[in-house]
Amino acid sequence: MLERNKYSFIKVMIRMYTFIKEYKLLITIYMILSVLNIGVNLFLANLINESINSAINLDKNKLYSYTFQMAVIIIVGLVITYFSTLSYGIFKTRVMLDVRKSAIAHLEKLPLSFMEKNHSGDIISRFTNDLSSVQTFIGDDLFKTLIQIISVIFTSIYLIAINLKLFIATFIVIPPALFMINVISKPMEKYFKQASRNLGQANSIVQDSYGGIFIVKAFNLEKLFQDKYLEVIKNGLKYNIKGVHRLKFIPPFNIILRSTPFAICLIYGAYLSINKEISTGQLLSFTYLMGNIVWTFAFLPSTISSLINAIGASERFFEVLDTSTEREDGKRFESLDTKNSISFKNVSFSYNEGTNILKELSFDIKKDSKIALVGASGCGKSTVLKLIASFYNIQSGNIEFFENNSKEWSLNHLRSKISYVSQDTYLFPGSILDNILVGNLHAAKEEVIKAARIANAHEFILELPQGYDTMVGERGIKLSGGQRQRISIARAVLKNAPIILLDEATSALDTLSEAVIQESLEKVMEGKTAIIVAHRLSSIKHVDEILVMDNGCIVERGKHENLVKNNGLYSKLYAKQFNDYDIQESI
Ligand SMILES: Nc1ncnc2c1ncn2[C@@H]1O[C@H](COP(=O)(O)OP(=O)(O)OP(=O)(O)O)[C@@H](O)[C@H]1O
Ligand SMILES: [Mg+2]
């Protein structure tokens, strides 16, 4: 599960600050210009007051002068607005880019253990829906709300200066209305968060059913997935409805917020004007400015709900963004001139801090030797390869990579020394050429073709409609399992790294194709260290040493001939396969 960090409002703000701080200058410019704009507005209100009073006093000269001043101040206001919008626009675009950049960078640095413990659909929802809310919040709501608050404060001071009694009377309804809105909308935070969580779950279900579409169809699971999806959606709907039930109470208070102050201001203001407590000009400038306050409060419910929504989304987004990533330190050891390429020294490992999958495992693999790992399904062979590539942290012992503790290696550098063909082949959506180039992005097409030939893939690729430019769908759905494996081998061959890890790399191939690949791979593996995991024991007879694993331990090791004679686990496995093969042959 995600490392649950409790995010208070303040903590979310502090976290957001990390994105904003780079743009202090732009934000300062925006804030100064916005505050100036508030000043312009107040000045304009004052000019309204003066010009109305001079009109009432039939003082034409003053009226002309104030009208001219008003025209100038409106132009000044327009210029300020232009530049404040510009500075905010630049800030908004850049900060959006930064948020997205940090999201993708973080996503790719997350350790495999994290990916496996959390549903990809949920994580993707956090990096799409929730991230958009965070963006809108930082890029739109946050500073605009701040400016509105400043505007309300300055405007209030100005209005109080005109007449305190009128100010109190006009806005008296605002605090109780706001209080009620707050009471109504408080639980909405919970509902929004839950609804967001449900959306994540729904995404996961869609992804599962889409990803496993063959199984869904083959086992008639359509209804099951639909029901699961509907259940989650209905659950989310329940929270939405709860939210809507609350939301319906808000408009009446909104109307109170919007209309009542105007009515009170006009009636009570007229009364004060008759009593000569304020001038007509003052009343008009009061009415002009009170709009600022009224509209701010009228929009407050929606501002609050979008803030609440954004805080909920930010929590979910930051929860992932603040999980620890793979380490980025380590040295780039250049000299690979060592006796051993890989050594396991008393390595114990478990995926979930439960039972150990590998138990005090120790072995050395001599440089440039070819080693095979064999053993029953689930005994830990793939785990050994994944640990060599440092995909997980071990609990105890040491793994040495070219005689330096792999914890001291830079992960990037260590992985650059490994050509890894994993048990599950993944092809990226794109052309076959692109997929092989993954091994070495700078390789020329001739090198790609050479690698494909070694992987016995060249011929079938040429038979495809666009040859190397044929697009393979998501997960290479248009290719057979064996074809996908061959592309994956070509990719590893192209990488040409000093260590080759082959995890059941030819398991989906027929014996003939396997033999062809093996022959060419032998040449590729010359001068390299190779660790081969294979169930088909006939394919690893010629390696320098076979390590036989059972339940996370090495129980036997040696050359094929010796192991067969040993009468241990290997000879049993071999005899079983040999007999099966004989039976197949005789059929
Ligand atoms: N990512 C993981 N999280 C938790 N447990 C895992 C994970 N991967 C493997 N295991 C468990 O670790 C054990 C060893 O798995 P591993 O994949 O290394 O076996 P294997 O020898 O390669 O098997 P196979 O021959 O079937 O590929 C198994 O019991 C498996 O359930
Ligand atoms: Mg395996």
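In this numbering scheme, every chain counts its residues from 1 along its sequence in written order. For naming, the first written chain is A and the first written ligand is 1, with later ones following in the order written. Whole-chain, interface and lining totals are the exception, using all residues; otherwise, since this is a predicted model, local features are given only for residues with pLDDT of at least 70 and side-chain atom pairs are given and counted only at 80 or more. The side-chain values count all of the structure's non-hydrogen atoms but skip hydrogen atoms and water molecules.

Asks: Is there a simple way to explain the site of ligand 1 in this structure?
Replies: The local shell around ligand 1 holds 15 residues, among which Glu116, Ser377, Ser382, Thr383 and Gln423 are the closest. Within the backbone of Gly378, a nitrogen or oxygen atom sits 2.8 Å from an oxygen atom of ligand 1. By the criterion applied in these results, polar contacts are pairs of N or O atoms within 3.5 Å in which, for protein atoms, one can donate a hydrogen and the other can accept it, and in which residues neighboring in sequence qualify only through two side-chain atoms. At a separation of 2.8 Å, an oxygen atom of ligand 1 approaches a polar side-chain atom of Lys381. In DSSP terms, a helix is any run of H or I states spanning at least four residues, a strand is any run of E spanning at least two, and both are numbered starting from the N terminus. Looking at which element gives the most residues to the shell around ligand 1, the answer is helix α14 (residues 381-388), with 3 residues. Whether a residue is near a molecule or strand depends on its heavy atoms: it is near if one of them lies within 4 Å of it.

Asks: Is there a simple way to explain the packing of helix α3 (residues 60-109) against helix α5 (residues 120-162) in this structure?
Replies: In a pair of packed helices, the angle between the axes and the distance between the axes together describe the arrangement. With their axes 10 Å apart at the nearest point, α3 and α5 run at an angle of 155 degrees to one another. Between α3 and α5, the angle falls in the class roughly antiparallel. Between α3 and α5 lies a crossing of right-handed hand. Here Tyr88, Phe91, Lys92, Val95, Met96, Val99, Arg100, Ala103 and Leu107 of α3 come into contact with α5, specifically with Ile123, Phe127, Leu131, Ser132, Gln135, Ile138, Gly139, Asp140, Phe143 and Lys144. Three categories are distinguished: nonpolar for Ala, Val, Leu, Ile, Met, Phe, Trp, Tyr, Cys and Pro, charged for Asp, Glu, Lys and Arg, and polar for the others, with Gly belonging to the last. Of the residues in the contact of α3 with α5, the class split is 12 nonpolar, 3 polar and 4 charged. Note on method: axes are straight lines fitted to C-alpha atoms, helices fitted across the in-contact stretch only, with angles between N-to-C directions ranging 0 to 180 degrees. Every angle not falling under 35 degrees, over 145, or within 65 to 115 is termed oblique; those three ranges are roughly parallel, roughly antiparallel and roughly perpendicular. In this scheme the crossing of two helices becomes right-handed for a clockwise turn of the near helix relative to the far one and left-handed for an anticlockwise turn of less than a right angle. Contact definition: two residues touch when any of their heavy atoms are within 4.5 Å.

Asks: For this particular structure, what's the right way to read the UniProt feature "domain: ABC transmembrane type-1" (unreviewed entry) in the protein?
Replies: UniProt positions are given in the numbering used here, feature names are shortened, and annotations may be inferred rather than shown by experiment. In the numbering adopted here, UniProt assigns the feature "domain: ABC transmembrane type-1" (unreviewed entry) to residues 25-309. Helix makes up 92% of residues 25-309 and strand 0%. Its end C-alpha atoms lie 28 Å apart.

Asks: What am I meant to see in the nonpolar core here?
Replies: Generally speaking, soluble globular proteins have nonpolar side chains that are buried together. Formed by 46 residues in total, the largest nonpolar core has its most connected members in Ile432, Ile436, Ile461, Ile540, Ile546 and Tyr570. If one sorts the elements of this core by residue count, helix α19 (residues 481-495) sits on top with 6 residues. Among residues more than four places away in sequence, those in contact with Ile546 are Ala372, Val374, Ile540, Glu556, Arg557, Gly558, His560, Leu563 and Tyr570. Listed in part, the 33 residues of the second largest apolar core include Phe363, Trp409, Leu501 and Met549. Buried residues of nine kinds, namely Ala, Val, Leu, Ile, Met, Phe, Trp, Tyr and Cys, make up a nonpolar core once their side-chain atoms join them within 4.5 Å. Between buried and exposed lies partly exposed: a residue is buried under 20% and exposed over 50% of the maximum accessible area for its type, with that area taken using a 1.4 Å probe on protein chains only.

Asks: Can you help me understand the pattern of salt bridges in this one?
Replies: Pairs may arise between side chains of opposite charge once their charged atoms sit close together. Any Lys or Arg side-chain nitrogen found within 4 Å of a carboxyl oxygen on Asp or Glu counts as a salt bridge. Tallying each qualifying case throughout the model produces 13 salt bridges. Arg316 serves as the salt-bridge partner of Asp130, at 2.6 Å between the closest nitrogen and oxygen. Of this pair, Asp130 sits in helix α5 while Arg316 sits in helix α13 (residues 300-321), and the two are 186 residues apart along the sequence. The class of Arg316 is buried, set by a relative accessible area of 3%. In this structure, the salt-bridge partner of Arg327 is Asp329, at a minimum N-O distance of 3.4 Å. In this structure, a network of salt bridges that share partners links the residues Asp122, Arg126, Asp130, Arg316 and Glu319.

Asks: Is there a simple way to think about the coordination of the magnesium ion (ligand 2) in this case?
Replies: Tetrahedral coordination by four donors puts the ideal angle at the metal at 109.5 degrees, and octahedral coordination by six puts it at 90 or 180 degrees. Only nitrogen, oxygen and sulfur atoms within 2.8 Å of the metal, or 3.2 Å for Na, K and Ca, are treated as donors, and water is left out, so sites may look incomplete. Of the protein atoms, only Ser382 (OG) and Gln423 (OE1) coordinate the magnesium ion (ligand 2), at distances of 1.9 to 2.2 Å. Of this pair, Ser382 sits in helix α14 while Gln423 is found in the loop between β6 (418-421) and β7 (430-431), placing the two residues 41 residues apart along the sequence. On the basis of relative accessibility, which here comes to 40%, the residue Gln423 falls in the partly exposed class.

Asks: Would you explain helix α17 (residues 445-454) in this entry?
Replies: Residues spaced three or four apart along an α-helix face the same direction, because each turn holds 3.6 residues. All of the buried residues in α17 are Val448, Ala451, Ala452 and Ile454. One side of α17 carries all its buried residues, which in axial view fall inside an arc of 160 degrees. Those residues of α17 that are exposed and angled more than 90 degrees off the buried face are Glu446 and Lys450. In this fold, the buried residues of α17 make contact with α16 (432-437), α18 (458-463), α19 and α20 (511-525). Along the arc lie the directions from the helix axis toward the C-beta atoms.

Asks: I'm lost on the domain arrangement of the protein in this one. Help?
Replies: When the parts of a complex come together, some accessible area is lost, and that lost area is often taken as the interface size. Taken domain by domain, the protein holds domain 1 (9-321) and domain 2 (333-417 + 535-587). Each partner contributes residues to the interface: domain 1 has 4 residues there, and domain 2 has 4 residues. Defined here as a combined quantity, buried area equals the accessible surface (1.4 Å probe) lost by two parts on assembly, summed across both. When domain 1 packs against domain 2, close to 310 Å² is buried across both sides, 56% of that on carbon and sulfur atoms. Of all residues in domain 1, the largest losses of buried area upon contact with domain 2 belong to Leu112, Glu116 and Lys117, amounting jointly to 84% of the total for that side. If you look at where domain 1 meets domain 2, you find 0 salt bridges. The tally of links from domain 1 across to domain 2 stands at 1 residue pair in polar contact (both at pLDDT 80 or more). For the purposes of this description, domain bounds are those given by an automatic or database domain assignment.

Asks: In this structure, what is going on with empty space enclosed by the protein? I would like to understand it.
Replies: In this approach a probe as big as a water molecule rolls over the atoms, and the regions it shows empty are the leftover space. Put plainly, a pocket is an open set of points on a 1 Å grid over the protein atoms alone with protein on both sides within 12 Å along at least five of seven lines, a cavity is a set where a 1.4 Å probe fits but cannot get out, and a lining residue has an atom within 4 Å of a point. Grid points are joined across faces, edges and corners, and a volume is the space filled by probe spheres set on the points. Inspection of the entire model under this criterion finds 2 cavities of 30 Å³ or more. If you add up the space inside the largest cavity, you get close to 60 Å³. Forming the boundary of the largest cavity are Ser419, Ile489, Ala492, Val493, Asn496, Ala497, Ile500, Leu502, Leu521, Val524 and Lys528. The set of elements that each furnish at least two residues to the lining of the largest cavity consists of α19, β9 (499-503) and α20. Tallying contributions element by element places α19 first for the lining of the largest cavity, with 3 residues.

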